[in-house]
Amino acid sequence: MGEERIVLVYDVGTQSSRALLINNRGEILAKSQKHHDPPYVSLNPDWAERDAEKYYEDICACSRDLKKHFPDLFGRVEAASITTIRDTVVCVDRNGKPLRPAILWLDKRMAEGKPKMSNLIRMAFKAVGMEETANLQFQKSHCNWIRQKEPEIWEKTDKYLLLSGYLVYCLTGQMADAAASMVGHIPYESKTRNWQKQGALTRPVFPVEEEKLCRIVESGEIFGVITEKASADSGLPEGLPVIATGSDKACEVMGMGCIDKETAAIGLGTTATITFNIGQYMEPERFIPPYDSIMPGYFNPEFEIFRGYWLISWFKKEFAEKEVVQAAEEGCSAEELLNRRLEEIPAGCDGLLFQPYFTPNITMPTARGAVIGFSDRHTRIHIYRAIIEGINFALMDGMRLMEHRAGHRFREIRLGGGASQSDQICQITADMFGIPTVRTQTYEVAGVGCALTAFVGLGVFRDYQEAVDVMVQKRDVFEPDMKQHAIYEKLYESVFKKIYGRLEDLYGELGRIEEEF
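These numbers come from a predicted model, not from an experiment.

Thoughts on the overall build of the protein chain
Of regular secondary structure, the protein chain possesses 17 helices and 24 strands. Its C-alpha atoms give the protein chain principal-axis dimensions of roughly 65 × 60 × 45 Å. Taking all 517 residues of the protein chain together, 58% fall into the buried category. Counting contacts in the protein chain only where the partners sit at least 6 residues apart, residues at least 24 apart contribute 70% of the total. Just so you have it, the protein chain exposes about 21700 Å², and 50% of that area is on carbon and sulfur atoms.

Structure (structure tokens):
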């Protein structure tokens, strides 16, 4: 590889922000992390907001911490890059100052009404069964809620940015964002990797004025350079280039080395996802566009479970007080103690099945969580394992749908995200999917993918294939136990895949009763 090269990566998640020094061999040389306390504020039920300035303050604090404790490494940084959570929006005025707190991806407030469409277009949506989906997307779009409920804020908004774009502005003074970061309720066209034109079919669903949209940059290109103010805030030298990469999930795909269409990337994070890289436009579900890959001309069709491994935090808070206390005494995490106990429970949890849709998506708008099969043999550890299996069952739904639409089978799975640190969860995943499951050299795969993209932009590597070959290494391979897989396959085909269809009407009725009272 020749000489060691170093970039600084900012990785902003729901729960924390991190700054990492990563070299061109994919090694994390140093890391600083600041937890968001609290991760968000809910002024009303189902709201999730956080002051956007706090994200900037957090990454700068992490950066200064690295400079303090690793001055030699910090002094060799050649560029900075940033990856963040998706669908988190910030309204800024003409001076780049946030006009209100950022609205996070898990916020569930709803706008009123329907998109303003011609009768002809509405009839076209209705004919293909997508009218209600278009209406729901309009209502879920934060731009429409702000326009309706806070019109004075919308009037003052000079740019409507994703969190990634806001942080790019804070560092460089440029109102820009990466094409591979364009994931949210925004008027973006993945086929052209640019903003939708005014006459686009779905433009009325996301009616953000053209002048409120920022410049879009391709991954590997330079956004701008660290400003004098950002240098004072972060400790980075003024004039250091800031390179465009992509969203956290787009970077995860690269950081796991998933650049061929037969290798699936599963992210075991706050949102659980399964995605892959393909060189053709392919909708993961009918009329649901794929996200843009970091690699120009490629796409990342994705199936996601909102609040996926957030459910582990929920379980720990509600049911695992014993493990929390014990973990404090032993100097480890409660999750580690819970994961050891997974081996006490057989595959299929003695007939206990968990449906993990605590937050529904646009194709299952009325879905909720459900647990079926309870009996007197079940314990709270059964519930814990059922949560993990339930998330994987739901991801299996997504994998099979994408295999059908793409016309090929996946031959390998790569795992990333915090839960991939658990050997037990990795093995359960391999057994459930029935194909080899790989853990790479670090669970900080988004950071590695972000750094990898920056090095391609710096010309350290010829292309993404060479970068992956050098920077991503297989650490562990979990081979599936096919006897266990047969149990899971039977449960999936005979029970799990039928649950939502049987309960859909009841979920809808519950929602109507809640609204009534």
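Additional details are given in the paragraphs that follow.
What about helix 12 (residues 334-341)?
Those residues of helix 12 lying buried are Ala334, Leu337, Leu338 and Asn339. In the core, the buried residues of helix 12 are packed alongside helix 10 (310-319), helix 11 (321-330), helix 13 (380-406) and helix 14 (423-433).

Thoughts on empty space enclosed by the protein
Applying the stated rule across the entire model yields four cavities of 30 Å³ or more. One number sums up the size of the largest cavity: a volume of about 50 Å³. Forming the walls of the largest cavity are Tyr160, Leu161, Leu162, Asp177, Met182, Ile186, Trp195 and Cys214. Here the lining of the largest cavity gets three residues from one element, more than from any other, and that element is strand 8 (residues 159-162). For the lining of the largest cavity, the per-class residue count stands at seven nonpolar, no polar and one charged.

Let's talk about the pattern of salt bridges
This model, assessed by the stated rule, comprises 45 salt bridges. With a closest N to O distance of 2.9 Å, Asp58 and Arg50 form a salt bridge. In this structure Arg50 comes out as buried when scored by relative accessible area, which is 8%. For the salt bridge of Arg86 with Glu304, the shortest nitrogen-to-oxygen distance reads 3.0 Å.

A look at the pairing of strand 22 (residues 412-416)
Of all five residues in strand 22, five are buried; the element is thus mostly enclosed. Neither face of strand 22 is left uncovered, since the one carrying Glu412, Arg414 and Gly416 and the one carrying Ile413 and Leu415 both have all their residues buried. Where strand 15 (residues 263-268) and strand 22 come together, five bridges link them in parallel fashion. From the neighbouring strand, Ala264 faces strand 22, where its bridge partner is Ile413. With three bridges connecting them, strand 22 and strand 23 (residues 437-440) associate as parallel partners. Looking at strand 23, one finds that Ile413 is bridged to Thr437. For the crossover from strand 22 across helix 14 to strand 23, the handedness is right-handed.

As for the layout of surface pockets
Empty space within the second largest pocket amounts to approximately 310 Å³. Lining of the second largest pocket is provided by Gln15, Pro39, Tyr40, Arg307, Trp310, Ser313, Trp314, Lys317, Glu318 and Phe358. Of the residues contributing to the lining of the second largest pocket, the split by class is five nonpolar, two polar and three charged.

Re the environment of Gly447
Here Gly447 shows up in helix 15 (residues 445-458). Along the primary structure Gly447 and Leu43 are separated by 404 residues, whereas in three dimensions their C-alpha atoms are 32 Å apart. Those residues in contact with Gly447 that lie beyond four places of it in its chain are Val9, Asp11 and Ile22.

Focus: the environment of Lys159
Structurally, the position occupied by Lys159 is in strand 8. Taking the C-alpha atoms as reference points, Lys159 and Pro98, 61 residues apart in sequence, are found 9.7 Å from one another. Within the local environment of Lys159, its side chain forms a polar contact with the backbone oxygen of Glu211, the two atoms lying 3.0 Å apart.

A word on the nonpolar core
One finds Tyr160, Tyr166 and Leu167 to be the most contacted residues of the largest nonpolar core, which totals 65 residues. Among the elements that take part in this core, helix 1 (residues 52-69) stands out by supplying seven residues, more than any other. Non-local contacts of Leu167, meaning those with residues more than four positions away in its chain, are made with Val12, Tyr55, Tyr56, Ile59, Ile82 and Thr84. Listed in part, the 62 residues of the second largest apolar core include Tyr309, Leu353, Met402 and Leu491.

Some remarks on the sheet that holds strand 19 (residues 302-305)
Reading across from one edge, 19-16-15-22-23-24 is the order of the six strands in this open sheet, with mixed pairing throughout. At either margin of the open sheet sits one strand with a lone partner, and together these are strand 19 and strand 24 (474-478). Direction aside, the axes of adjacent strands within the sheet are offset by 20° on average. Most of the contacts of helix 9 (residues 248-255) go to strand 15, to which it runs at about 130°, and overall it touches strand 15, strand 16 (272-275), strand 19 and strand 23.

Looking at the pairing of strand 23
Across a regular strand the side chains alternate sides, sitting on one face of the sheet and then on the other. Taking every second residue as pointing to the same face, both faces of strand 23 are buried, with Thr437 and Arg439 on one and Val438 and Thr440 on the other. The sheet contact formed by strand 23 and strand 24 spans four bridges and is antiparallel. Looking at the pairing, Thr440 lines up with Lys474 of strand 24.

Section: the packing of aromatic side chains
Throughout the structure, instances matching the rule amount to 18 aromatic pairs. Note on Phe354 and Phe358: the rings are 6.0 Å apart at their centroids and 35° apart in plane angle, and the pair reads as tilted. Relative accessible area serves as the criterion here: at 3%, Phe354 is assigned to the buried category. Classification of Phe358 by relative accessible area gives partly exposed; the value is 28%. When the ring of Tyr492 is compared with that of Phe496, the centres are 6.4 Å apart and the planes differ by 20°; the resulting orientation is stacked. Of the two residues, Tyr492 and Phe496 both sit in helix 17 (residues 482-516), four residues apart, roughly one turn of that helix. Owing to a relative accessible area of 2%, Tyr492 belongs among the buried residues under this scheme. Note on Phe496: relative accessible area 2%, which makes it buried. Members of the aromatic cluster, connected to one another through ring pairs, are Trp310, Trp314, Phe315, Phe319, Phe354, Phe358 and Tyr384. Its guanidinium or amino end placed over the ring of Trp47, Arg109 lies 3.7 Å from that ring's centre, counting from NZ or CZ.

Criteria and cut-off values
Residues take numbers from 1 onward in each chain, read along the sequence in its written order. Only residues with pLDDT of at least 70 are given local features in this predicted model, and only at 80 or more are side-chain atom pairs given and counted; all residues enter the totals for whole chains, interfaces and linings. To obtain the side-chain values, all non-hydrogen atoms of the structure were used and water was disregarded. Helix and strand definitions follow DSSP, with helices as H or I runs of at least four residues and strands as E runs of at least two, each counted in order from the N terminus. Each residue is placed in one exposure class: buried if its accessible area under a 1.4 Å probe, protein chains only, is under 20% of its type's maximum, exposed if it is over 50%, and partly exposed if it falls in between. Contact criterion: two residues are considered in contact whenever any of their non-hydrogen atoms come within 4.5 Å of each other. Here the Shrake-Rupley method, with its probe set to 1.4 Å, supplies the accessible areas, and only the displayed protein chains count as covering residues. Points on a 1 Å grid, built from protein atoms alone, make a cavity when a 1.4 Å probe fits but cannot get out and make a pocket when they are open with protein on both sides within 12 Å along at least 5 of 7 lines; residues with an atom within 4 Å of a point are the lining residues. Grid points are joined across faces, edges and corners, and a volume is the space filled by probe spheres set on the points. Classification used: nonpolar for Ala, Val, Leu, Ile, Met, Phe, Trp, Tyr, Cys and Pro, charged for Asp, Glu, Lys and Arg, polar for all others including Gly. By salt bridge we mean one thing: a side-chain nitrogen of Lys or Arg within 4 Å of a carboxyl oxygen of Asp or Glu. We treat two strands as partners when DSSP finds at least two bridges between them. Consider the strands pointing away from the viewer: the crossover is right-handed when the path from the first strand over the helix to the second runs clockwise. N or O atoms within 3.5 Å of each other form a polar contact, as long as, within protein, one can give a hydrogen and the other can take it, and as long as residues adjacent in sequence are counted only when both atoms are side-chain atoms. What is meant by a nonpolar core is a set of buried Ala, Val, Leu, Ile, Met, Phe, Trp, Tyr and Cys residues, joined one to another through side-chain atoms within 4.5 Å. Note on method: axes are straight lines fitted to C-alpha atoms, helices fitted across the in-contact stretch only, with angles between N-to-C directions ranging 0 to 180 degrees. Only the six-membered ring of Trp is used, alongside the rings of Phe and Tyr, when aromatic pairs are assigned; centres must lie within 6.5 Å, and planes under 30 degrees apart are stacked while those over 60 apart are edge-to-face, with the rest tilted. Cation placement over rings: the criterion is NZ of Lys or CZ of Arg within 6 Å of the ring centroid and within 35° of the ring normal.

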